[in-house]
Amino acid sequence: MNLSYLLKTTVAAIVLSATAAHADVKFGALYPFSGQLALLGEESARGLEIAVDEINAAGGIQGEKVVLVRGDAVDNNQAIGEARRLISLEQVAAIFGTYSSARSIAASQVAELSDIPYFELGAVADEVTGRGLKYLFRTNPYAADMGKMIVDMVADKIAPGIGKKPEELKIGIIYEDSSYGTSVSTHQANYAKEKGLNVVVSSGYPAATVDMSSLVLELKQAGVDVVLQTSYQNDSVLFLQQANEAGYKPAAVIGGGGGYSMQPTADAVGHDVIDGVLDVDFTQYLVNTKATPGLEAFIEAYKAKYGSAPRSGHSLNNYVGAKAILKAIGKTEGFEPDTIVEAVKVMDIPDGATAAGYGIKFGENNQNERAAMMGMQWQGGKLVTVYPDAAATAPMQFAD
Amino acid sequence: MDTFLQVLASGLMLGALFAIVSIGLTLIFGIVKVVNFAHGEFLMIGMYLVYLITAKLGLHPLVTVVAVAPLLFLVGVATQRLIIQPLMSARDDHIQIFATVGLSTALINLALLIFGADIANTPPGGLRMPIQIGPARVLLGQVIILLASAALVIGLQLFLQRTQTGRAIRAVAQNRAAAQLMGINVNRIYMLAFGIGAACVGFAAAMVAPLYPTSPTIGTYFVLTAFVVVVLGGLGSIGGAFAGAMIIGLIDSFAGFYIGSDLREVAVFGVFLLILILKPSGLFSERLNLSHVSP
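**Some thoughts on the sheet that holds strand S3 (residues 95-97) of chain A**
Neighbouring strands of a sheet are bound in pairs by backbone hydrogen bonds; such pairs are parallel or else antiparallel. All names here are of chain A. What the 5 strands build is an open sheet, ordered S2-S1-S3-S4-S5; its pairing is parallel. In this open sheet, the two strands that pair with only one neighbour each are strand S2 (65-72) and strand S5 (136-138). In this sheet, adjacent strand axes meet at a mean angle of 25° when their direction is disregarded. Where strand S1 (residues 24-31) and S3 come together, 3 bridges link them in parallel fashion. Following the sheet pairing, Gly28 is matched in S3 by Ile95. This element, helix H3 (residues 76-89), spans S1, S2 and S3 of the sheet and lies at about 150° to S2. Lying on the sheet, helix H4 (residues 101-113) is in contact with S1, strand S4 (118-120) and S5; it crosses S4 at an angle near 160°.

Structure (structure tokens):
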């Protein structure tokens, strides 16, 4: 074998591999696919997959087929490792993720250092966009949006609903004391102050608690009318059960996402007990579809691909974010990081034009400033949207 | 005054919950001298068994104890035989601790694989019914836990004091080598003790499952408090564990109401540290005895 032959084959190999890589454009899908967070990590990823299917069915982006490469962010360390693998080995154009805020914060730092765009579609912590990263964008609503929405709902809807002025209501804020509960409750407290509401109890507790009876008693003694709880699943169940068993019936209970949106929570607490409980979270499925165009098509596509109805709103929100981002990238030329960043920065989708209801326009810190959550209520064992009015499918109900 | 009595009642009920979960742990600790970090996961297995039996067969959760306690006994025996015993003569006791930590992680992930991360609800079978005792309101299931944990403590004490096997178990706990010289099959006693400890958790599971939703990580909710209770009461002291649990339950409840729920752990662990400093062997133990071979 002579040198020229070797050179020729090498050149041929390079050309072949280059063209092969050119037919597809790879994006990373970084979610917790195994371990503790696998259930909703997988659910989130499904939304991204449906968005990619739709984009590919319509001819891909810039004429190329979108291929997703999965990375399993089972813990923070592995999130970093998988982000490195996706960037250096798989050479993805950008990464989508991540459902968990902690994983997102860890992995997006790797992407930032490699100048690879990172699109967060579902993590809610303030710190995700609060770090001034250049290549990180977040499409979904976050902790501040949640706190604001909950307080708005109290002032605009609940106070008139039970026939009181907002400032007459006694508000109790309770939260699990990790970063999630603490950040949402801080936003609640600050915004409640701004609105002139009267917060009489503000109390944290460890999420892994087995007893909340003393907290229930504290709220009961303070005569709290409206309880705002930011919690995971076990503590949501525990609070609602123990409040009920202690005979404590506040005029309204509003949960912040987490356990409050999930059907097993309602089953555990009992449909009669949870009836009337409010919840602010990502857009769910029992919503007025005039405010969320494309929602029905998404549900159909989901059922066709996975054989069941969506298990939570996570897939929907990931779908909306991913589809908008991919479309924006499709309008530009090339997949260079800075080209992608330019393309998404000029995005301007108005409210009421996506399947989740909210529009997309990136503002300060590359956070989607149009992102918003929705207010929901458990009615007859189902979580129906009640706020804002445009998206509501049923009026908010109040106990007599 | 009414509020005070309510907080007191809640504290006693919480103490009983901690007690029933901790008794098996102190038994294993006192006799086999192994810190079983998988204790919470034994509870988790027990609760899933209770859930499966009640949900599939429609039995009352309390009835499941006749199946769950023996099954957990077998789990305990298997753990001792297959995991702890091969490591028993290891030069360093800590190796067994790492083994139980590994077992704990493995069991949590196994449960995640089988049941998923969602919660499973055991039908309460009337145990969630509130009952009014004077000005205080508690659940029927909580009262049953209190009675059952007291019965368990008395039963185990009688077993250890009055029966030949019980005496053998105590002999092994006091001095492994001497007991062996007296003709006691030490390995068999260890398996038995580990099995009984695990069976106690199975017994507890039948009463805890109807009141708390079961999830793969439910054990981690209890295990830290269980260790505090066991150390507080004196390692290996069954009556001490009961008393320790009541103390922790009451502190938790009173601190939660009168100081604030964010500070209740500060109160619980503050008192715990204080007692350890004043009486390092725990409230009801004569001396610290951590080695397989007693001094």
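**Re the pairing of strand S7 (residues 198-205) of chain A**
Residue and element names in this part refer to chain A. As paired elements, strand S6 (residues 170-176) and S7 share 7 bridges and run parallel to each other. Bridge pairing in S7 links Lys170 to Asn198. On the question of chirality, the crossover connecting S6 to the parallel S7 by way of helix H6 (residues 179-194) is right-handed.

**Focus on helix H2 (residues 38-57) of chain A**
All names here are of chain A. For H2, spanning 20 residues, the distance from its first C-alpha to its last is 28 Å, which sits close to the expected 28 Å at 1.5 Å a residue. Within H2, 15 of the 20 residues are buried, which leaves it mostly tucked inside the rest of the structure. Just beyond H2, the residue with positive phi is Gly59, at close to 100°.

**Some remarks on the packing of helix H3 (residues 65-88) of chain B against helix H8 (residues 186-208) of chain B**
Residues and elements named next belong to chain B. At a closest axis distance of 6 Å, the pairing of H3 and H8 adopts a crossing angle of 140°. Here H3 lies oblique to H8, going by the angle between them. Handedness of the crossing formed by H3 with H8: right-handed. Its residues placed into classes, the contact of H3 with H8 shows 17 nonpolar, 7 polar and 1 charged.

**Some points on the environment of Val277 of chain A**
Positionally, Val277 of chain A belongs in the loop between helix H10 (271-274) and strand S10 (278-281). Sequence-distant contacts of Val277 of chain A, defined by excluding residues within four places in its chain, comprise Leu240, Val253, Tyr260, Met376, Gln377 and Trp378 of chain A.

**A word on the sheet that holds strand S9 (residues 252-256) of chain A**
All names here are of chain A. One open sheet holds the 7 strands; their spatial order is S7-S6-S8-S9-S10-S11-S12, and the pairing between them is mixed. Every interior strand has two partners, whereas the edge strands, S7 and strand S12 (382-387), have only one. The average undirected angle you get between the axes of adjacent strands in this sheet is 25°. Pairing geometry for strand S8 (residues 226-230) and S9, over 5 bridges, is parallel. Each bridged residue has a counterpart across the sheet, and for Leu228 the counterpart in S9 is Ile254. Most of the contacts of helix H5 (residues 143-161) go to S9, to which it runs at about 160°, and overall it touches S6, S8, S9, S10, strand S11 (374-379) and S12.

**Looking at the domain arrangement of chain A**
Residue and element names in this part refer to chain A. In terms of domains, chain A is made up of domain 1 (3-141 + 292-366) and domain 2 (144-281 + 374-391). Look at where the C-alpha atoms of domain 1 and domain 2 centre, and you get two points 33 Å apart. Counting residues at the interface gives 7 residues for domain 1, matched by 7 residues for domain 2. Across the domain 1/domain 2 interface, buried area totals approximately 490 Å², and carbon plus sulfur atoms make up 61% of it.

**Brief notes about the interface of chain A and chain B**
Contacts between chain A and chain B engage 31 residues on the former and 30 residues on the latter. In this assembly, chain A packs against chain B so that about 2700 Å² is buried in total across both faces, 54% of it on carbon and sulfur atoms. Considering only the surface of chain A that becomes buried against chain B, Val210, Asn234 and Glu245 of chain A emerge as the three largest contributors, covering 25% of it. Across the chain A-chain B interface, the total number found is 1 salt bridge. If you look at where chain A meets chain B, you find 11 residue pairs in polar contact (both at pLDDT 80 or more). Of all elements in the fold, only S7, helix H7 (213-221), helix H8 (233-245) and helix H9 (263-269) of chain A reach the threshold of two or more residues within the side of chain A that touches chain B. Of the residues contributing to the side of chain A that touches chain B, the split by class is 15 nonpolar, 12 polar and 4 charged.

**Topic: the nonpolar core**
Within the largest apolar cluster, 106 residues are counted, with the highest numbers of intra-cluster contacts made by Phe239 of chain A together with Val32, Phe42 and Phe222 of chain B. Counting residues per element, this core draws most heavily on H8 of chain B, which supplies 14 residues. Core analysis: the next-biggest nonpolar cluster, separate from the first, contains 52 residues, Ala45, Ala328, Ala356 and Met374 of chain A among them.

**Brief notes about unusual backbone geometry**
Residue and element names in this part refer to chain A. In this structure, the amide linkage connecting Gly97 to the following residue, Thr98, adopts the cis form with an omega of -10°. Along the polypeptide, Thr98 turns up in the loop between S3 and H4. For the bond running from Tyr387 to Pro388, omega is -5°, close enough to zero to count as cis. On the secondary structure map, Pro388 appears in the segment after S12. In this structure, Gln62 is a non-glycine residue whose phi angle is positive, near 50°. With respect to the helices, strands and loops of the structure, Gln62 is situated in the loop between H2 and S2. Take Gln62: its relative accessible area is 26%, and that puts it in the partly exposed class. Phi at Asn366 takes a positive value of approximately 60°, unusual for a residue other than glycine. Mapped onto the elements of the fold, Asn366 is located in the loop between helix H13 (337-345) and S11. Take Asn366: its relative accessible area is 8%, and that puts it in the buried class.

**A word on the pattern of salt bridges**
Residues and elements named next belong to chain A. Counted by the stated rule, this structure contains 17 salt bridges over all chains. In this structure, Arg46 and Glu42 form a salt bridge, with 3.7 Å as the shortest nitrogen-oxygen distance. Of this pair, Arg46 and Glu42 both sit in helix H2, 4 residues apart, which is roughly one turn of the helix. This pair shows no difference in class: Arg46 is buried, exactly as Glu42 is. The residue Lys305 makes a salt bridge to Asp53 at a minimum N-O spacing of 2.9 Å. Remark: Asp53 occurs in helix H2 and Lys305 occurs in helix H11 (residues 295-306); sequence separation between them is 252 residues.

Calculation rules
Going along each chain's sequence as written, the residues are numbered from 1 onward. Chains and ligands are labelled sequentially in the order written, the chains with letters from A and the ligands with numbers from 1. Where local features are concerned, this predicted model is filtered to residues with pLDDT of at least 70; where side-chain atom pairs are given and counted, the filter is 80 or more; whole-chain, interface and lining totals use all residues. Side-chain numbers come from the whole structure's heavy atoms, not from hydrogens or water. Strands were regarded as paired on the criterion that DSSP finds at least two bridges between them. Numbering goes from the N terminus for both helices and strands, where a helix is a DSSP run of H or I of at least four residues and a strand is a run of E of at least two. With axes taken as lines fitted to C-alpha atoms, and helix axes fitted only over the stretch in contact, angles between N-to-C directions fall between 0 and 180 degrees. Throughout, a contact is declared for two residues whenever any of their heavy atoms are within 4.5 Å. Consider the strands pointing away from the viewer: the crossover is right-handed when the path from the first strand over the helix to the second runs clockwise. Helix span, as expected, comes to 1.5 Å for every residue beyond the first. Exposure categories follow from relative accessible area, calculated using a 1.4 Å probe and restricted to protein chains: below 20% of the type maximum is buried, above 50% is exposed, and the middle band is partly exposed. Should an angle lie under 35 degrees it is considered roughly parallel, over 145 roughly antiparallel, and from 65 to 115 roughly perpendicular; all remaining angles are considered oblique. Helix crossings are classified by the rotation of the near helix relative to the far one: an anticlockwise turn of less than a right angle makes the crossing left-handed, while a clockwise turn makes it right-handed. By the convention adopted, Pro, Cys, Tyr, Trp, Phe, Met, Ile, Leu, Val and Ala count as nonpolar, Lys, Arg, Asp and Glu as charged, and the other residues, Gly among them, as polar. In this entry, domain limits derive from an automatic or database-based domain assignment. In short, buried area is how much 1.4 Å probe accessible area vanishes from two parts on joining, totalled over both. Here, a salt bridge means any side-chain nitrogen of Lys or Arg that lies within 4 Å of a carboxyl oxygen of Asp or Glu. For the purposes of these results, a polar contact is taken to be a pair of N or O atoms within 3.5 Å, where, inside protein, one atom must be able to donate a hydrogen and its partner to accept one; residues adjacent in sequence count only when each atom of the pair is a side-chain atom. Each nonpolar core is a collection of buried residues, namely Ala, Val, Leu, Ile, Met, Phe, Trp, Tyr and Cys, held together in the definition by side-chain atoms within 4.5 Å.

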